[in-house]
Amino acid sequence: MSKSTNISWHDSIITKTERQTKNKHKSAILWFTGLSGAGKSTITVELERKLYQLGIYTYRLDGDNIRHGLNKNLGFSPEDRTENIRRIGEVAKLFVDAGVLTLTAFISPYREDRNQVRALVAEREFIEVYVRCSLEACEHRDSKGLYQKARSGEITGFTGIDAPYEEPINPELTIDTEEQSLDEAVQQVINYLLENEYLN
Ligand SMILES: Nc1ncnc2c1ncn2[C@@H]1O[C@H](COP(=O)(O)OP(=O)(O)OP(=O)(O)O)[C@@H](O)[C@H]1O
Ligand SMILES: [Mg+2]
């Protein structure tokens, strides 16, 4: 619900298409979703490094980083998680408009919230990447020590333990980090981008 009235859109002269033409690649959101510890941050960091080497303009939006600034007033209640993703979606949309291939790494546990972001942009501009990893494996990795805190009750509302994770139904890509190496995962995404003509 908008609280603002008396506002009107003012277009720029430079269009998204012109920016993409100048950059020599398409812009889109690569939306990585999955449990904590599944590998979203690890994969997007390495993917961005490879894309940078290929001369692609990228930017990475990462859950913890965004909660340090833009979304520092949000917690992990269902409402705040939804608002977190809504704002990220709007920011990612601006990056797409700026001609940037945008990588996002958020648990984004609710299907509806992810679909709301998908609905913000054109059909080919939202690429959902499900970073699949069993709860057992994520908990075993416990890369941030958060599962242990969730199990002991020090953290409540933790995704996979006492808060839900809704798997994507029809993601453009699925990466299984129990089966695939980091390099394989990164190459899978790059192949998708090449085959679907995002990079040329
Ligand atoms: N094939 C793989 N791909 C990515 N990460 C892997 C893989 N195998 C093991 N790992 C390890 O799994 C961990 C993934 O942690 P990472 O912080 O990337 O997860 P995340 O999805 O960003 O979690 P969070 O939502 O808490 O930020 C890292 O310690 C990484 O080294
Ligand atoms: Mg992360």
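To be clear, the structure that these remarks concern was listed above.
This is a predicted model, so every value here is computed, not measured.

A. Region of interest: the pattern of salt bridges. Counted under the stated rule, the structure contains 13 salt bridges. One salt bridge in this structure joins Arg86 and Glu83, with 2.9 Å as the shortest N-O distance. Taken as a pair, Arg86 and Glu83 lie in helix 4 (residues 78-97) at a separation of 3 residues, close to a single helical turn. Judged by its relative accessible area of 21%, Glu83 falls in the partly exposed class. With a shortest N-O distance of 2.7 Å, Glu128 and Arg114 are connected by a salt bridge. Of this pair, Glu128 sits in strand 4 (residues 126-132) while Arg114 sits in helix 5 (residues 111-120), placing them 14 residues apart in sequence. Arg114 carries the same exposure label as Glu128, and that label is buried.

B. Geometry of the sheet that holds strand 4. If you trace the 5 strands from one edge of the open sheet to the other, you get 2-3-1-4-5, paired in parallel fashion. This sheet does not close on itself; its edge strands, each paired only once, are strand 2 (58-62) and strand 5 (173-176). Taking the axes of each pair of neighbouring strands and ignoring which way they run, one obtains an average angle of 20° across the sheet. Bridge analysis of strand 4 against strand 5 gives 4 bridges, and the strand direction is parallel. Residue pairing for strand 5: Tyr130 is matched across the bridge by Thr174. Lying over the sheet, helix 5 contacts strand 1 (29-33) and strand 4, oriented at roughly 155° with respect to strand 4.

C. Up close: helix 4. Here helix 4 is 20 residues long and its end C-alpha atoms lie 29 Å apart, about the 28 Å a rise of 1.5 Å per residue gives. Within the sequence span of helix 4, burial applies to Arg81, Asn84, Ile85, Arg87, Ile88, Gly89, Ala92 and Val96. Where helix 4 is buried, its residues meet helix 1 (16-23), strand 1, strand 2, helix 3 (63-68), strand 3 (101-105) and helix 5. Trailing helix 4 by a residue or two, Gly99 shows a phi angle of about 90°, which is positive.

D. Structural context of the packing of helix 4 against helix 5. In the contact formed by helix 4 and helix 5, the axes pass within 9 Å of each other and the chain directions differ by 20°. With respect to helix 5, the axis of helix 4 lies roughly parallel. The hand of the helix 4/helix 5 crossing is right-handed. Across from Arg81, Thr82, Ile85, Gly89, Glu90 and Lys93 in helix 4, the residues of helix 5 making contact are Asp113, Val117 and Leu120. Across the contact of helix 4 with helix 5, the residue classes tally to 3 nonpolar, 2 polar and 4 charged.

Rules behind the numbers
Residues numbered from 1 in each chain as written. Chains lettered and ligands numbered in written order. Predicted model: local features only at pLDDT ≥ 70, side-chain atom pairs only at ≥ 80, totals over all residues. Heavy atoms only, no water. Salt bridge = Lys/Arg side-chain N within 4 Å of Asp/Glu carboxyl O. Helix = DSSP H or I, 4+ residues; strand = E, 2+ residues; numbered from the N terminus. Buried < 20%, exposed > 50% of the residue type's maximum accessible area, 1.4 Å probe, protein only. Pairing = 2+ DSSP bridges. Axes fitted to C-alpha atoms, helices over the stretch in contact; angles between N-to-C directions. Contact = heavy atoms within 4.5 Å. Expected span 1.5 Å × (residues − 1). Parallel < 35°, antiparallel > 145°, perpendicular 65-115°, else oblique. Left-handed = near helix turned anticlockwise from the far one by under 90°. Nonpolar A, V, L, I, M, F, W, Y, C, P; charged D, E, K, R; others polar.

Note that all results are geometric; they support no functional claim without further evidence.
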